[in-house]
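Summary of the model geometry
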Amino acid sequence: MKYIDEFRDQKTAIKIAAAIKQESHPDRHYRLMEFCGGHTHAIFRYGIQNLMPVNVEFVHGPGCPVCVLPAARIDEAIQLAEQHGVILCTYGDMIRVPAGNRRSLMQAKADGADIRMIYSSQDALRIARNNPDKQVVFFAIGFETTTPPTAVVIKQAAAEGLKNFSVFCNHLLTPAALDAILEAKEPVAIDAFLGPSHVSTIIGSRAYETFAKVYDKPIVIAGFEPLDVMQSTLMAIRLINQGSYKVENEYSRVVTPGGNIKAQQLMADVFEQRDSFEWRGLGVISNSALQLKLEYAAFDAEQRFSIEAQFIADVKGCACPEILRGQKKPHECKLFGTVCTPENPMGSCMVSSEGACAAYWSYGRHRKESVA
């Protein structure tokens, strides 16, 4: 475990914290949005915010794909399982997210729907092979990181001639969300972004260069370990102080400028951009999600089955949309820790392993802040 320990070394953390304090101008407030939910959890798990000077603030962004999926899409998945009698396969984070009337996939399963938690897209394909008399739908979700594995199983299903396998596609595109945050009617004040880790391994650091220039916002691609986040914060502060609007890559041990070309080609072979897609908290964003290309339409659950699209409002009083836009912190939600807990979640931010509310709750950082 030496390699990981090196990125969690206390003495090094103290040195980086001292450098951040020295280089941050006391008369300026630095607001850094960590886009990725993994960064949010690292910040709270290791108490990184407590190591920052008071004028350096982390703003939580929409970097949790489960959190930003609107409730209507979950209701549509429930329709597939209940009205069409399919075996619906999905990742664990999706099971407990409340949808219409606060009903979740878990509750639909308890009511008799055949909904199965899986760990990979290959699990869904295996279930289809083992149940040739049943239609199997993979509830696919995620940013660019989890999109290539979905492309692989679609290609495999086509090659095998599987007639009972399809995908309910909810893959989202990260750059479009960054645009939406800064193009909002009431944009949040952000000085720099900590770019996502896993997503960037696929699309590469070069994918953000145009964004940084257009919006005059530095972006530092950050790794997940505490020292990654701290070093990226220091790099972002230096860029802000220099007035340099460019992309820097702290996570260079994994992320390359061009990304994973093979994965990008897989995505391009199977998927195309949707004209528009709704994101929880950000609204409808053009060219922000993917759908299956025409040649793979036979594996598109939205075309194979009749699904009634609908709009579902978020739970009244739930601040999840504002939290995803960076306008509020979890402890500023009136429901947080009272009505809304991990056992009784009101919104997706409390359910997902990458959700900001889950991070505040899991590591106890909310207690002190809630009293203040």
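Anything mentioned here points back to the structure above.
All values derive from a computational prediction rather than experimental measurement.

Calculation criteria
- Here the residue numbers are simple positions, counted from 1 along each chain's written sequence.
- The model is predicted, so local features are restricted to residues of pLDDT at least 70 and side-chain atom pairs to those at 80 or more, both for listing and for counting; the totals for chains, interfaces and linings are taken over all residues.
- Excluding hydrogens and water, the side-chain values take into account all heavy atoms of the structure.
- Categorising residues by exposure relies on relative accessible area from a 1.4 Å probe, with only protein chains included: less than 20% of the type maximum marks a residue as buried, more than 50% marks it as exposed, and the intermediate range marks it as partly exposed.
- A helix here means a DSSP run of H or I that spans at least four residues, while a strand means a run of E at least two residues long, and both kinds are numbered starting from the N terminus.
- Between any two strands, pairing holds if DSSP finds at least two bridges.
- By nonpolar core we mean a set of buried residues, namely Ala, Val, Leu, Ile, Met, Phe, Trp, Tyr and Cys, connected to one another through side-chain atoms within 4.5 Å.
- Contacts are assigned to residue pairs with any non-hydrogen atoms lying within 4.5 Å of each other.
- When a carboxyl oxygen of Asp or Glu lies within 4 Å of a side-chain nitrogen of Lys or Arg, that pair is called a salt bridge.

Some thoughts on the pairing of strand S1 (residues 30-36)
Burial analysis of S1 places seven of its seven residues in the buried class, the great majority of the element. As judged from the six bridges shared by S1 and strand S2 (residues 56-63), these two strands associate in the parallel manner. Along S2, the bridge assignment pairs leucine 32 with phenylalanine 58. Judged from the three bridges that link them, S1 and strand S7 (residues 192-195) form a sheet pairing that is parallel. The residue of S7 that forms the bridge with glutamate 34 is leucine 194.

What to know about the nonpolar core
The biggest cluster of nonpolar side chains holds 134 residues, and the ones touching the most others in it are Leu88, Leu105, Phe165 and Trp279. Here this core gets nine residues from one element, more than from any other, and that element is helix H13 (residues 226-242). Leave out the neighbours within four places in its chain, and phenylalanine 165 touches Ala124, Leu125, Ala128, Gln135, Val136, Phe138, Val153, Ala157, Ala298, Phe299 and Arg304.

Some points on the pattern of salt bridges
For the structure shown, the criterion picks out 16 salt bridges. A salt bridge links aspartate 123 to arginine 126, with the shortest nitrogen-to-oxygen separation between them at 3.8 Å. In this pair, aspartate 123 and arginine 126 both sit in helix H8 (residues 121-130), three residues apart, roughly one turn of the helix. Close ionic contact of lysine 246 with glutamate 248 constitutes a salt bridge, the shortest N to O distance being 3.8 Å. A relative accessible area of 23% means that glutamate 248 is categorised as partly exposed. Three or more residues joined by partner-sharing salt bridges are found here, namely Arg73, Glu76, Arg274 and Glu302.

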